[in-house]
2 protein chains.
Amino acid sequence: MNIKLLVVGKTVKGFVSEATEEYTKRLKHYINFKIEVIQDVKNASSLSSSQLKEKESELILKHISEEDYIILLDEKGKEFSSKEFASFIQQKMNQSIKSLVFIVGGAFGFDEKIKQKYTNKISISRMTFSHQMIRVLFIEQLYRAFTILKNEPYHNE
Amino acid sequence: MNIKLLVVGKTVKGFVSEATEEYTKRLKHYINFKIEVIQDVKNASSLSSSQLKEKESELILKHISEEDYIILLDEKGKEFSSKEFASFIQQKMNQSIKSLVFIVGGAFGFDEKIKQKYTNKISISRMTFSHQMIRVLFIEQLYRAFTILKNEPYHNE
C-alpha cells in the first residue's frame, strides 16, 4: 500500500518542516509514504475565504485519482485512539487498498464540494490546529501506528 | 493570572524546542507564561516504568504549591474544542485564580497518586502523543486561546 498526505500550501520553514522531514524519514522503514504539496493559490490574498476554498478544491480534485481511497482530516471527523488508528491502517492494508490518501485542506478548511464527495473523515483532535501543525500531528500518528502494528518501541527523540 | 506548564524531562532539541520557544515568545504578549522543567530522574533506565512514574510523581509534588490550580494533561481527560478551551481560560481569569498550572507527565504518564489527588484533566486528543509532542500541542492551543479571547487573527507562521 502507498500512503500519501496531500496538503494545500508549502510547508512553512522551521519546526513544521523539520518535524515532517524527520517523521517522513522514519516512516520509510515501514511504508511507501510521501507528502504531496499543492502549491498555494496565486493572489490568494485578493480572494475571499470561500473563493479561496473553492480554488483549492479544484486543485485538490486534480491531484486525486480514481484508485485513491480518500480520507479527509477534518475537525468534524471520527476520532480514534492511536491503537484504533493503527487498526484502521491495518484494515486498509488487508482490504488490498493500493493508495490511501489523507488530505489536509488549506487555512480555511475544505469547501462543501469536497466534503460532500468524500465522506471518510478523521479528526485528530476536537481542538483546531493550523493546517500546518496538522501535518506534524498526522505524520507523528502515522509513524506511531506503524510502531504499534510492528510492536516496536516508539522512539521519542 | 500566571500560567505554567510543568513538564517532566528536558525538552528534546530540534523541532520540539523550536516550537515551544516560538509559542512561548508569542504568549508573552498576552499572559505571564512559563514552562518549568523537572529534571529527568537519575538512572531512569534502571527503573521499571512504575518505579519511574512514582519517582516522577514525588518530583511533581515538590514543584506544586498550595495556591496552584492544577490541571493534568491526560488522554483520559475532558476534550475541549479550541473555543471551549479559550472560555475555560477566561473563566479561570474571572475566578481570580492566580496560578494555573498544567502538568504533562513523563514518558509513561502519571502515577495513581497524582491522578487521584488532581482530578481536573484535559485531553488534547484521544490519540496518544509523546510527552514531548504534547508540549508543542498544548502551547499552540494556549496561544490560540488568547488569539480567540482577544479576537485577533491567528498567525500561522
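The structure displayed is predicted, hence computed values, not measured ones. (Residues numbered from 1 in each chain as written. Chains lettered and ligands numbered in written order. Predicted model: local features only at pLDDT ≥ 70, side-chain atom pairs only at ≥ 80, totals over all residues. Heavy atoms only, no water.)

A cluster of acidic residues, Glu18(A), Glu21(A), Glu18(B) and Glu21(B), forms a negative patch at the surface. Breaking the negative patch down by element, the ones donating at least two residues are α1 (15-27) of chain A together with α1 (15-27) of chain B. Along the polypeptide, Glu21(B) turns up in helix α1. (Patch = residues over 30% accessible without salt bridge, like charges linked within 9 Å, V, L, I, M, F, W, Y side chains within 5 Å. Areas by Shrake-Rupley, 256 points an atom, 1.4 Å probe, with all protein chains shown as cover. Salt bridge = Lys/Arg side-chain N within 4 Å of Asp/Glu carboxyl O. Lys, Arg positive; Asp, Glu negative; His and termini not counted. Charge placed at Lys NZ, Arg CZ, Asp CG, Glu CD. Helix = DSSP H or I, 4+ residues; strand = E, 2+ residues; numbered from the N terminus.)

Another point: the interface of chain A and chain B. Every contact between the two is made by 30 residues of chain A and, on the other side, 30 residues of chain B. In total, chain A and chain B occlude about 2700 Å² of area from one another, counting both sides; carbon and sulfur atoms represent 59% of this. Where chain A touches chain B, the interface holds two salt bridges. A salt bridge links Arg126(A) to Glu84(B), with the shortest nitrogen-to-oxygen separation between them at 3.4 Å. At the boundary of chain A with chain B, the tally comes to twelve residue pairs in polar contact (both at pLDDT 80 or more). The set of elements that each furnish at least two residues to the side of chain A that touches chain B consists of α1, α3 (82-94) and α5 (131-149) of chain A. By residue number, the principal contributor to the side of chain A that touches chain B is α5(A), which donates eight residues. Each residue belonging to the side of chain A that touches chain B can be placed in one class, and the counts come to 13 nonpolar, ten polar and seven charged. (Contact = heavy atoms within 4.5 Å. Buried area = accessible area lost by both parts, 1.4 Å probe. Polar contact = N/O pair within 3.5 Å; in protein donor to acceptor, adjacent residues only side chain to side chain. Nonpolar A, V, L, I, M, F, W, Y, C, P; charged D, E, K, R; others polar.)

Bringing the relation of the copies chain A and chain B into the picture now. Between chain A and chain B, the superposition needs a rotation of 180° and an axial shift of 0.0 Å, giving an RMSD of 0.0 Å. The superposition of one copy onto the other is thereby described by a two-fold rotation axis. Here 100% of the contact residues of chain A are again contact residues in chain B; the copies associate through an equivalent surface. (Least-squares fit on C-alpha atoms with pLDDT ≥ 70 in both.)

With that out of the way, let us pick up the pairing of strand β4 (residues 99-104) of chain B. Residue and element names in this part refer to chain B. Counted residue by residue, β4 has six buried out of six residues, so it is predominantly covered. Here β4 shows no split at all, with Ser 99, Val 101 and Ile 103 on one side and Leu 100, Phe 102 and Val 104 on the other all buried. Pairing of strand β1 (residues 2-8) with β4, which is carried by six bridges, proceeds in the parallel orientation. The residue bridging Ile 3 from the neighbouring strand is Leu 100, located in β4. When strand β3 (residues 68-79) meets β4, the two strands line up parallel, connected through five bridges. What sits directly across from Asp 68, in β4, is Ser 99. Regarding the hand of the β-α-β motif, the stretch spanning β3, helix α3 (residues 82-94) and β4 is right-handed. (Buried < 20%, exposed > 50% of the residue type's maximum accessible area, 1.4 Å probe, protein only. Pairing = 2+ DSSP bridges. Right-handed = clockwise from strand over helix to strand, strands pointing away.)

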